[in-house]
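What the coordinates show
Each chain is listed here by its residues.
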Amino acid sequence: MAQATAAGRNATLPAGRARKGLAVLRAEWTKVRTVPETGWLVAAIAVLTVAVSTAVIATARCAAGTGCTADTTKLSLTGVLAGQAVVAMLAVLAISSEYSTGMIRTTFTAMPRRFGVLAAKATVLTGLVLPAAIIAVAGSLLAGREMMPGNGFTAAHGFPLLSLAHGPTLRAAVGSVLYLALVGLLCFGVTVIVRDSAAAIGTVLGLIYLPPIVALFVSSPVWQRRIERYAPTSAGMTVQNTTGMSHLPIGPWGGLAVLAIWAAAALIAGGLVLRLRDA
Amino acid sequence: MTTIAPYRAPQQAGQDGFWQLAHAEWTKFRTVRGWLIAAIFAMVLIDGLGLALVDAGGGVGGGCRASCAAAVPTGPSGEAVLDSFYYVRQPLSADGSLTVRVTSLTGEYQPQGGYVGPHTPSGLASKLVPWAKAGIVIQQSSKPGSAYAAMMVTGQHGVRMQYDYTGDIAGLPGQVSAASPRWLRLTRSGDTIIGYDSADGRHWIKVSSVQLPGLPKTVLAGMFATSPLYFQGNFPSYAQSGGGTSPSRATGVFDNVSLLGGRPGGAWTGEFVGSSERMDSMPGIGFHQAGGRFTITGTGDIAPIVGGGTNTNFVTGTIADHLVAVIFGLLVLAVIGAMFITTEYRRGMIRVTLTASPRRGRMLAAKAVVIGLVCFVLGLPTAALAVIAGSAISRSRGIYILPVSWLTQVQVIVGVAALLAVAAVLAMAVGTILRRSVVAVATVIVMFLVPYVLGDTSVLGSPALSEWMFRVTPVAAFAIQQSVPAYAQVAGQYGPPEYFALAPWAGLAVLCAYAAVALALATYLLRRRDA
Amino acid sequence: MEATIEVAGLHKRFGSTVALDGMSFVVQPGKVTGFVGPNGAGKSTTMRVILGLDTPDQGTALVDGQPYAKLRRPLSHIGALLDAGALQPGRSARNHLLWLAHSQGMTVQRVDEVIEQAGLGTAARRKAGGYSLGMRQRLGIAAAMLGDPPILMLDEPFNGLDPEGIVWARAFLRSLAAQGRAVLVSSHLMSELQDTADHLVVTGRGRVIADTSVAELIAAASGDRVTLRTRERSQAMTVLAQAGGTVATTDRDTLSVGGLPAERVVTLLTEAGVPFAEVSAHRASLEEAYMEMTRDAVEFRAQPVQEATP
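Residues numbered from 1 in each chain as written. Chains lettered and ligands numbered in written order. Predicted model: local features only at pLDDT ≥ 70, side-chain atom pairs only at ≥ 80, totals over all residues. Heavy atoms only, no water.

Secondary structure summary: chain B contains 12 helices and 20 strands in total. Per-residue burial for chain B yields a buried fraction of 60% across its 531 residues. The long-range fraction of contacts in chain B, counting pairs at least 24 apart against all pairs at least 6 apart in sequence, stands at 75%. As displayed, chain B has an accessible area near 19100 Å², and 59% of this comes from carbon and sulfur atoms. (Helix = DSSP H or I, 4+ residues; strand = E, 2+ residues; numbered from the N terminus. Buried < 20%, exposed > 50% of the residue type's maximum accessible area, 1.4 Å probe, protein only. Contact = heavy atoms within 4.5 Å. Areas by Shrake-Rupley, 256 points an atom, 1.4 Å probe, with all protein chains shown as cover.)

Glancing now at the nonpolar core. If you look at the biggest cluster of nonpolar residues, it comprises 255 residues, and the most contacted ones within it are A:L205, B:F448, B:F478 and C:I78. A total of 16 residues in this core trace back to one element, the largest contributor, which is helix 8 (residues 406-434) of chain B. Aside from chain neighbours lying at most four places away, what touches C:I78 is C:I5, C:I50, C:L51, C:V63, C:Y68, C:L71, C:P149, C:I151 and C:M153. By size, the runner-up hydrophobic cluster in this structure holds 42 residues, among which are B:A149, B:L172, B:V210 and B:A221. (Core = buried A, V, L, I, M, F, W, Y, C linked by side-chain atoms within 4.5 Å.)

Two measures define how a pair of helices packs: the angle their axes make with one another and the distance between the axes. Residues and elements named next belong to chain A. Between helix 6 (residues 114-147) and helix 11 (residues 252-276), the least distance of the axes is 9 Å, while the angle of their chain directions is 145°. Handedness of the helix 6/helix 11 crossing: right-handed. Of helix 11, the residues touching helix 6 (which contributes R114, F115 and L118) are L267, G270, G271, L274 and R275. Within the contact of helix 6 with helix 11, the residues separate by chemical class into four nonpolar, two polar and two charged. (Axes fitted to C-alpha atoms, helices over the stretch in contact; angles between N-to-C directions. Left-handed = near helix turned anticlockwise from the far one by under 90°. Nonpolar A, V, L, I, M, F, W, Y, C, P; charged D, E, K, R; others polar.)

Further remarks concern the pairing of strand 17 (residues 293-298) of chain B. Residues and elements named next belong to chain B. Pairing geometry for strand 14 (residues 248-262) and strand 17, over five bridges, is antiparallel. Each residue of the ladder has a partner; that of F254, found in strand 17, is F294. Across five bridges, strand 16 (residues 286-290) lies against strand 17 in antiparallel orientation. Residue pairing across strands places Q289 opposite F294, the latter belonging to strand 17. (Pairing = 2+ DSSP bridges.)

All names here are of chain C. Across four bridges, strand 10 (residues 226-229) lies against strand 12 (residues 254-258) in antiparallel orientation. Bridged to R229 within strand 12 is T254. By the bridge criterion, three bridges tie strand 10 to strand 13 (residues 277-281) in an arrangement that is antiparallel. Across the sheet, T227 pairs through a bridge with S280, a residue of strand 13.

Residue and element names in this part refer to chain C. Read from one edge of the open sheet, three strands run 2-1-4, paired in antiparallel fashion. Here the strands that pair on one side only, and so sit at the sheet edges, are strand 2 (17-27) and strand 4 (58-63). Each strand axis lies, on average, 20° off the axis of its neighbour in the sheet, ignoring direction. Strand direction decides the pairing type here: strand 1 (residues 5-14) and strand 2, joined by eight bridges, are antiparallel.

Now for the interface of chain B and chain C. Taken together, the 41 residues of chain B in the interface contact 50 residues of chain C. There are one salt bridge connecting chain B and chain C. Here chain B is connected to chain C by 16 residue pairs in polar contact (both at pLDDT 80 or more). Secondary-structure elements contributing two or more residues to the side of chain B that touches chain C are helix 1 (18-30), helix 5 (326-347), helix 6 (349-356) and helix 7 (360-396) of chain B. If one sorts the elements of the side of chain B that touches chain C by residue count, helix 1 of chain B sits on top with eight residues. The residue inventory of the side of chain B that touches chain C, partitioned by class, reads 19 nonpolar, 11 polar and 11 charged. (Salt bridge = Lys/Arg side-chain N within 4 Å of Asp/Glu carboxyl O. Polar contact = N/O pair within 3.5 Å; in protein donor to acceptor, adjacent residues only side chain to side chain.)

In structure tokens form, the structure reads like this:
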């Protein structure tokens, strides 16, 4: 009898959990989509990325005789550098706005399992970033495909037309989409820890943009290489490389994995902090 | 019912002019301890990181150390110069003229690249570098850095008249060959030296006339050949730029040599001028005379030293090298600048502010003056420390700091403080326009960081685009850090952090224009919007 | 010239919402004027317009005879408390008052005076972010008093005050009026103003419904009615109705009589031998008077949009 009850409970538990998880997810999705700025920010990810990429492509020149060495795929995806800032904003606002208005207490009252809330929010954020990132990357590559040959990057100069059929280009494209999603998760995790919106945006943008700049000016090659290998975005951006692979400080997928580890660490730390701290 | 007399305050002291508003804004700023601490932190970041970062690896990678830097000559106007070439000359007393015909200029370089020591094997590859030079020169003395004027043929830039290291005037275009020789002539008359060139030795064209004040009665006149380090651009990153230079040599063939005037020596003697180490590393330096025909092979350069180490085989630096962390401090100040106003919006305090000072434009101006002055006043000693202490640290590590005038030092120090101040004002204006902290802070950071990152040629591999970033975006203001001029007659990596697309003050003006436009828009919106 | 607030014909719209629809009134010196109305009646918007924070679509608001933006040292003309939470949490109360004082060219001495006046005391050196709502209200009142202004305008100043604080605030406002200052106090709870206000501006739906002294308003709401208790209800009703009174039952043994003075009611009932007790002239509370008015406003609101009654 007792055994049967236990078995029955065991049987219903996973289903109940799953349903509860879905409910939390749905609640978070409702919250996000009912804020007007979400739509604007998601659109801005795609627009800014494609705009910056297009501007870069338009100004890139391969003049005859100068032996241009550009990586046309990476060049076409330059806009990701700017687009990630909008991803960061979206990630920061996804949670800091709840803290600044005190709504976080309402959220935790309605859904006391904080880890679950965090997971749901992270899922919703990724669900928003991924489609925007796909459009951003596709638009950028399309712009590169259309405009690059006109600027001297022709097959005659050793630059075939950009195409996803080309393995490294496909890797760069898929990698860039994942890169943006991971940047979003990293920023989200950091924001959970920092809470205050202004401090959070400063911290995450610093984390994104400063290591590459530090790497530029550090005179020690050892430290330069360390930064390029282990800083989240420096490492993550290597996934865009399609040429000169032997000179990379870290392999393309390895670099993305470094970023993924950063994101995971930030999320786990955020989750622990969330559990230990009063809302 | 009793009627009560309307209240009149007993004393009506005080004023509400601009000064009072600025005083109020300053009180606001200083009484939020976090802002003051963050502003000071920004300064510590600039100096701490700036002084630590650049020396993280000990700086000098090899080659020659202090001894090498100590021997760097300076030209007549104080700039560091290279004065290294093979010279076949004799004294010329009083006025006179020197005429030659150059029939050939060829060159080679050592493809190994890098810092080449004296024992490097000499596998040379044929390459005439663009600024390889062969020609005639009248020189004050054989002392390095002395005044001179020269006519020369070059690798790719035609005939040039150059003088006192920085002067460069174009003559006949085209490359020299046996079929298309170049005739060169220098005439001296007192302190005045006139350069002529000709394609046939009959029709002479005056290139220019230059003054070399204080030229002694007896000068040196002769033929020379030299060839600068072969610089190949397109590096993956600045940090490796030192490795992109290779020693090279050039050989010029001269005939129809005629020196008119007082010739106390009477015979041509050859001599390598400059560092002997340099000569040893490159085989075949010297001259060969057969009848009236001189074949001279030289290496080195007669030119100013440029930043970035692209034309020297020792490590050079500029006074601004330790300002690399200015961008970090700038970001912190920009965040403070934006939050100086967005926090008022967040709490509704803007209404209290505008109730106390209903002249909204004036209130915004007071805020801008306060945040700008705070950043300027904090930035001044910070920049001075980075420049003065930074240069001293570099020197102690054997890095040769390119000498600059005190005015240039002032430009860099005051300019960096102004850059920080104007950036904070721009951030404050953006904060006023956008009102929300997150959006404003993100916008300001992106405004500075994205162009800064894209401005690095290694990111885009497109120098033209990088140049545009430092031309039209707010980071153009970093041009104020440029302490040494770029020279068209020296091949180099004229990019950040040593060189910028715009002139120093023009770059700062770009940022000022951004700040002015943002402030104007902010004022317009602040006046028009309900608070 | 008397220091007053004059508001004339203010109209303002936020999108499709009409916030102000012809708001007009004048605040007089030497009185506490209550500015009352239900939430959304346009009180706060009017106050923001008076302070030049919001621009009206139409109409004018003058302080001391001038538009707010034209005032020199505005805080010495009018002191205002709009939102007690409008503070930088990291700044101490004293420093908050200090920057305000500096903006008007006033000295630290004045800051310490108002700190005493508002009863902030030593708490003034603590960070304002840690203040209770009541403490913030006191700080807001201190800020309003900074310029020693002849006009004060306070939005919901009793919010968050403890009972002791409310007593203090009432006495304080009364004393300000007694000094000859014009004091405008908004509230959505009439009871708060019961013993404080001399004059009332009642608003509803963006306009003034009543602009009257408190005494007049209560008299109008009371309507000369007499309340009495009797066990012989029907008998009393008959007697009084025959004498020309309008009688209504308000409870099982309570009658409300209109049209007859109390003395006449007593005489009539005594003559008819009807037993009765507790004859009293009815005096409506301010709350009742207000409810009556805002009920009208609510009814008015329920009607389709129409032109204002002439």
